[in-house]
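Observations on chain architecture
Single-letter residue listing:
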Amino acid sequence: MGARTAVAIAGVVLALANPQLLPAIRQQDFEVRLERALAVLDSTETERGAQLLRALLASLPPDAPQALRVRAQLHLGAANWALGLKDSAAVQFRDMVRANPFAVPDPELFNPEIVAAWRAVKRATPAVALLVASDTTIKPDAEPYLVAVGVGRPDEVTVRLARTDGPSAGAVGTRIRVDSTASFALALRITDSLPLAPGRYQLTARLALSPRDSASVSLQVTSLPVDTLPHETPLDASLFRPESRKGSPVAGSAIAGLAIGAAAAAIPVVLHNSQLGGNKVQIAAISVGAGISVAGFAGVFVGRRLVPITENVTYNRSLIDQWEARNGAIAARNELARRWAPLRVQVLRNP
Amino acid sequence: MSLRARGPVVFVHVALLLGAVVAPAPAQKLSFSAAASASWAKNSVMLLGYREAVEGPWVGGAAEGKLGPFVLRLEAFRGTLKPQTGGSALERDGGEVRGTIRLEPVAAGWLGLESGYAVRAFSSAAGYQRWTIPTFGVRVSPRLGHRALRGYLSGHYAPPLAQKSLFAGQSSGGAIWNLGLMAEAGLVIAPVRGGPLLGIRYHFERFDFPNGAAGRLDQFEQVAVFGGFRVGR
């Protein structure tokens, strides 16, 4: 049993033990096969190397790593070109451009004729792709979201970021001319004072000459929490000055009390009919009159009105105004901080 | 009593009642108070040259409603009057119901125009006596320094037109006084926006019938303390 068989058996055993390892093992197997094919090509066995690459590409599942597929297509195209199979080479180059317009043959590895052939195929192939950071944090008021666009045939590209899980309002976008690749900054703002709302978005690039060719990326935009300033505590009561003081005694109260009290005592004296006899002076009337008079005297002191102290009222008002102004400024800053909270942008699904 | 004779009293009552119906506006102050009262009443009479005096405790209560500048007050008392020491007058049971309507044209409420109507009755071994007493007058009630302290003084005139029923069985059957006066002074301690209220008052009435001491002279006094509760805005 050779070493490769032992490795394969070990891989099968590991995959059975942990199914999540299977894709990784398969990818490793594809990479080994690619490296072996490239080694065959390097050993000038071009035809055999092309066969190996063709077999590899035929066996690649749809979810195989794009970089591996593109690399295999590029080398197969170059091998076909070397074998004189230029149409087959063009097909491989076209598939490669469609798969990834950003991919470029290394001029150090490929001869200029192959690079020129690839370039000619690329410039005739309508294709578009987007490249964005898989997970990044943007300050929407200061930082743009960087987007790279790659095309095959030079074209006008319309890039649009639109919400997919909420109100359609709030889409942002731009239109740029792209010859091969271009990157630009997308401001995550609806207006200068309104950032993009958190939610799920679709970033789409569409070619002007062939609108059916497009690329899209699903993005999850999340607003990150921000540190806000605490409001000021209520002003301590000891800071305030008394706003009023007791006014002067109410002399009129005593006068009114005495007058009505005296009148009460005088009622029987004045209204009594002398022909009826009996006492004119009545203890009851005097008692009530005395009570009224005493109340009048009491009113002199208990009736003292509160006189406002204007300067203290002004001072207290200014304390409150300043406190409210400080709290208002804090609230405004907090509101601004919350509105312009950093946005986390995550790629949900690559094109 | 003829309608012409009742004219001034009727006019005052109608004017105040019409004012109470027409004048109130939705935003006017509304308050209501009720109080219980304990009083000492005294009735002195000179009848055909013979003087008698009876006195005793009367208890009762009062309710008062105020809407804007109008005040409606109802009072009721009941008690027994006994002859003063050494007197020979008859003991009698008495009672009184009095209604008063008051217009306070000044916002501060220190001046009031009043009109009242009282029915007072006495019952003794000798018979039954009933008084109907319409009055109108003026009331002055200044604030005594604090707004919870208010003294008042009122003077009423009872037109010489009202009728008094004498003891049943007597041949005269009725009499008309030619001078009727009523005065009252008091003190009310009550918070403006509601709460308990306390007060004292002294009430005096004088009725002179024709022929002076040879005919009939009547005098009624009452001193009272009262306590209750006020609600309102």
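Please refer to the structure higher up on the page.
About the criteria used
- Residues numbered from 1 in each chain as written.
- Chains lettered and ligands numbered in written order.
- Predicted model: local features only at pLDDT ≥ 70, side-chain atom pairs only at ≥ 80, totals over all residues.
- Heavy atoms only, no water.
- Core = buried A, V, L, I, M, F, W, Y, C linked by side-chain atoms within 4.5 Å.
- Buried < 20%, exposed > 50% of the residue type's maximum accessible area, 1.4 Å probe, protein only.
- Helix = DSSP H or I, 4+ residues; strand = E, 2+ residues; numbered from the N terminus.
- Contact = heavy atoms within 4.5 Å.
- Buried area = accessible area lost by both parts, 1.4 Å probe.
- Salt bridge = Lys/Arg side-chain N within 4 Å of Asp/Glu carboxyl O.
- Polar contact = N/O pair within 3.5 Å; in protein donor to acceptor, adjacent residues only side chain to side chain.
- Pairing = 2+ DSSP bridges.
- Axes fitted to C-alpha atoms, helices over the stretch in contact; angles between N-to-C directions.
- Patch = residues over 30% accessible without salt bridge, like charges linked within 9 Å, V, L, I, M, F, W, Y side chains within 5 Å.
- Areas by Shrake-Rupley, 256 points an atom, 1.4 Å probe, with all protein chains shown as cover.
- Lys, Arg positive; Asp, Glu negative; His and termini not counted.
- Charge placed at Lys NZ, Arg CZ, Asp CG, Glu CD.
- 1 Å grid on protein atoms, 1.4 Å probe; cavity = no way out; pocket = protein on both sides within 12 Å on 5 of 7 lines; lining within 4 Å.
- Points joined across faces, edges and corners; volume = space filled by probe spheres on them.
- Nonpolar A, V, L, I, M, F, W, Y, C, P; charged D, E, K, R; others polar.

To continue, consider the nonpolar core. Residues and elements named next belong to chain A. Within the largest apolar cluster, 29 residues are counted, with the highest numbers of intra-cluster contacts made by Tyr145, Val147, Val149, Val157, Leu161, Leu203 and Leu219. Looking at this core, the elements that each hand over two or more residues are strand E1 (128–132), strand E3 (145–151), strand E4 (155–163), strand E5 (172–178), strand E6 (181–186), strand E9 (199–207), strand E10 (214–223) and strand E13 (343–349). Grouped together as the second largest cluster of nonpolar side chains are 17 residues, Phe30, Ala37, Leu68 and Leu76 included.

A few words now on the interface of chain B and chain A. The partner chain A presents 28 residues to the 33 residues of chain B that form the contact. Contact with chain A buries surface across chain B, with Leu144, Tyr202 and Arg206 of chain B losing the most and accounting together for 21% of the total. Between chain B and chain A we count zero salt bridges in total. Our count for the chain B to chain A interface comes out at six residue pairs in polar contact (both at pLDDT 80 or more).

Residues and elements named next belong to chain A. Pairing within the open sheet is antiparallel, and its three strands lie in the order E1-E3-E6. Across the chains shown, the open sheet's two edge strands, defined by having one partner strand only, are E1 and E6. Geometrically, the sheet is characterised by an average inter-axis angle of 25° between neighbouring strands, direction not taken into account. Here E3 runs beside E6; their pairing, made up of six bridges, is antiparallel. Paired with valine 147 across the strands is phenylalanine 184, a residue of E6.

What follows is about a positive patch on the surface. A cluster of basic side chains, namely Arg305 of chain A together with Lys29, Arg143, Arg147 and Arg193 of chain B, defines a positive patch on the protein surface. Along the polypeptide, arginine 193 of chain B turns up in the loop between strand E10 (179–189) and strand E11 (194–208).

For the rest of this paragraph, the subject is the layout of surface pockets. Sizing a probe to match a water molecule and rolling it over the atoms shows the empty space that remains. All names here are of chain B. Looking at the largest pocket, its volume works out to about 1,100 Å³. If you go around the largest pocket, you meet 49 residues; those closest to its centre are Glu64, Lys66, Arg102, Glu104 and Arg230. Here the residues of the lining of the largest pocket sort into 19 nonpolar, 12 polar and 18 charged.

These figures come from the coordinates and say nothing about function on their own.
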